[in-house]
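Now for the letters of each chain:
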Amino acid sequence: MSRAAAVDVPRLGRGVPAWTLRAAVLVAGALVIAIPSTEGAMWGGLFILTPTILASVYAPASPAPIAVVIGAGVLVALTGDDPLRPTVLAMIPTVHLFHVCCGLAGLIPVRGRVHPRAFARPALRFVVVQAIVFAFVGVAALQPVTRIPAGIEITALAGLLVIALIVLLWHRQSKRQADE
Amino acid sequence: MSSPEQVAADIKGGADHGLGHRARRWFLGRRFVRTLGWRRTDALTRAVACGFGLAVFGVVLHRLELLLVGAPLLVSALLVTPPSGRPKVRAVQLLDTVEAGRTNDVTVLMEPGQGAVFAGLRMPVASRSGVGPVHLLPAVDGRIHAQIRWSTWGQSDYLRPDHLFASHDGLYVFGPIVGRTASHTVLPPIEPLPAAPLLPRAAGLVGAHRSARPGDGMELRDIRPFQMGDRLRRVDWPISLRSAAASGGALVPSTLHVRERHAESDADLVLALDTTLDVGPEIADWSEMAKGAEARRGGSLDTGVRAVCALAAAFLRQGDRVGVIDLGHPRGGARVGTGPRQLQRIRHSLVLAAQRVSGAGEPVLRASQYPSGATIVVLSPFLDDKLVDLTVRAARRGNVVVAVDLLPAKLVPDKETAWGEAVRGIIVAEQKIRLAVLAEHGVPVARWDDGTAVGTLLRASRRRPRVVR
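Below or above, wherever it landed, is the structure these notes cover.

**Describing the overall build of chain B**
- Helix and strand counts for chain B come out as 10 helices and 19 strands.
- Expressed as a percentage of its 469 residues, the buried residues of chain B come to 42%.

As structure tokens, then:
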């Protein structure tokens, strides 16, 4: 857990308009459509994702971005067979960027001002998360592509559920401690 | 407004009375949860739901792509820990009264607590008046400074530090919390103006102006033979000796001469401002009241207030007694007085007067509101016959009265109606007639451009003999 540094912020400048965050959501959303379209998913992607991307730009703190993330996953799953092809690798940071942009755009009114120095720590965190994911991609690339036995898959699913439960309980406990 | 405890009791308590009651409880709960501290956001729900969902479906459907696309969201959710502590934001109060046209720093103390990464803080910006927009900043433990510029005068809110704190990626938020509003009075600016000599007032034989009467001043009025009652220290000995030498050499009372000096007297200037109206160049906007307590920039009231400040400052600096009459509100204004404190009193009264512009009401200018013999400057757009009546009556009482026309020079007709140009023509024509009536009754009229025309009029009024009709 990090504690904010005790410093005096120099005089507040003008910053940039907060609609640039919405523009970033739009750009990231456009990339989510554009990347699978290189494999021939143009019209389908446009038809499915465009309304939800526009809804995400309008209301970034709403369930609309969930549809975009799931839609992006479905599109890359439907448009190719190789799970580690360049399109998938490009979609990993793009979807993450879309998720982060929506999270930040939902914090501030569209008429607010954004100060770029606020993004120094989030940018570092973005890089760390991507490094972890691409390490996982590297591990996945080294695995054999033969069919996995059903027992291992069931164990993996159970493991995921256990992780989900642990995360849920951990968050709940941390929140209770924080409230106390 | 209900307290958090009352709202909590309302949410928890009571029997279930159907869908409407449940919906109300849900709405109250949503509102109440915002006061409880850190809470999860849609971004966290998205990260957990999409991350786990895509991972599960990826495993079930044997599609690694689904797992990989959802992986950053999952890792992001796993890396974050719920922030703790209660962030605090405190504003450092500025002075209650400030000068227009100046800049200053507004400071806010921020304590974001553990885990906060972003701070959404409403702070003013130098280019705009008011409490300003919300700024997205890094959450730092310390002082946040913003520059503020007071370009408009009046009473206004300059700071309301509404705030919201968020963790990484906006997964947890604290707030939004509405800050305490800080307001202040911005005094109208004082524009430099050369002061003109005013008509001296006979009442007090002290002051800065030369009176027509003989007295104990400094300025030489005459040299005349000694009379009974003259003080000996007034005797001009060189002249008296020369006079004695010319008449035979004996210094007798008939050869004595005295120096007579002008008396010095003070002058009263009363500035009567029309606060019943505030009109700008756009005729279409005349029926709309300005927002809040602010006068229209460049409108008749704004120009009038600036003119009053400039005149008051110039004549007070000269040592005259200056007062202000709020024509729309007889209890407002400031009685005549002298000195720098009187200037502050006048400026405060002008700020209050600007808040009470209603667009209606009966203007009042009674003899009891100003000292006899005072010079009166009436500042108005003269869109009402009553103002002309008041001004003429003041002139008939024997005061020197000067009218200052505050109607914007170029009126813009209402473009939304075909009668706009005709209306503008009628307004201008009627106003010209009113000004002509004033001139007929011996009240000179000038426009307020930079004040020089008014100074010339005051100077001319001093020389002009007063005519009581």
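**Quick notes on the packing of helix α6 (residues 300-317) of chain B against helix α7 (residues 340-355) of chain B**
Residues and elements named next belong to chain B.
- Where α6 meets α7, the closest approach of the two axes is 10 Å, and the angle between their N-to-C directions is 170 degrees. Between α6 and α7, the angle is such that the two are roughly antiparallel. Along the contact surface, α6 presents Leu301, Val305, Val308, Cys309, Ala312, Ala313 and Leu316, while α7 presents Gln342, Leu343, Ile346, Arg347, Leu350 and Ala354.
- A class-by-class count of the residues in the contact of α6 with α7 yields 11 nonpolar, 1 polar and 1 charged.

**Some words on the sheet that holds strand β19 (residues 445-447) of chain B**
All names here are of chain B.
- Taken together, the 6 strands give an open sheet; going across it, the order is β16-β15-β14-β17-β18-β19, and neighbouring strands pair in mixed fashion. In the strand order of this sheet, the two ends are held by β16 (334-337) and β19, each with one partner. Each strand of the sheet is rotated relative to its neighbour by a mean of 20 degrees, with strand direction disregarded.
- With 5 bridges joining them, strand β17 (residues 375-380) and strand β18 (residues 401-405) adopt parallel strand pairing. Paired with isoleucine 376 across the strands is valine 401, a residue of β18.
- The sheet contacts of helix α8 (residues 385-396) involve β17 and β18, and relative to β18 the element is tilted by about 155 degrees.

**Side note on the interface of chain A and chain B**
- Listed by partner, the interface residues are 69 residues for chain A and 64 residues for chain B.
- At the level of elements, β1 (9-12), α3 (64-78), α4 (86-105), β3 (113-114), α5 (120-142) and α6 (150-179) of chain A are the ones that each hand at least two residues to the side of chain A that touches chain B.
- The greatest single-element share of the side of chain A that touches chain B, amounting to 12 residues, is contributed by α6(A).
- Tallied by class, residues from the side of chain A that touches chain B come to 43 nonpolar, 14 polar and 12 charged.

About the thresholds
Residues take numbers from 1 onward in each chain, read along the sequence in its written order. Labels are handed out in written order, letters beginning with A for the chains and numbers beginning with 1 for the ligands. Totals for whole chains, interfaces and linings use all residues, but because this is a predicted model, local features are given only for residues with pLDDT of at least 70 and pairs of side-chain atoms are given and counted only at 80 or more. Only DSSP runs of H or I reaching four residues or more are called helices, and only runs of E reaching two or more are called strands; each is numbered from the N terminus. Once C-beta atoms are placed from the backbone, each residue is buried if 20 or more other C-beta atoms lie within 10 Å of its own, exposed if 12 or fewer, and partly exposed for counts between those two. Under this scheme, a helix contributes an axis fitted over its contacting stretch, all axes are lines through C-alpha atoms, and angles between N-to-C directions fall in the 0 to 180 degree range. Angular relationships are summarised with four words: roughly parallel below 35 degrees, roughly antiparallel beyond 145, roughly perpendicular across 65 to 115, and oblique for the angles in between. By the convention adopted here, residues make contact when the C-beta atoms placed from their backbones lie within 7 Å. Residue polarity follows a fixed list, in which Ala, Val, Leu, Ile, Met, Phe, Trp, Tyr, Cys and Pro are nonpolar, Asp, Glu, Lys and Arg are charged, and the others, Gly among them, are polar. Following DSSP output, two strands are said to pair if at least two bridges run between them.

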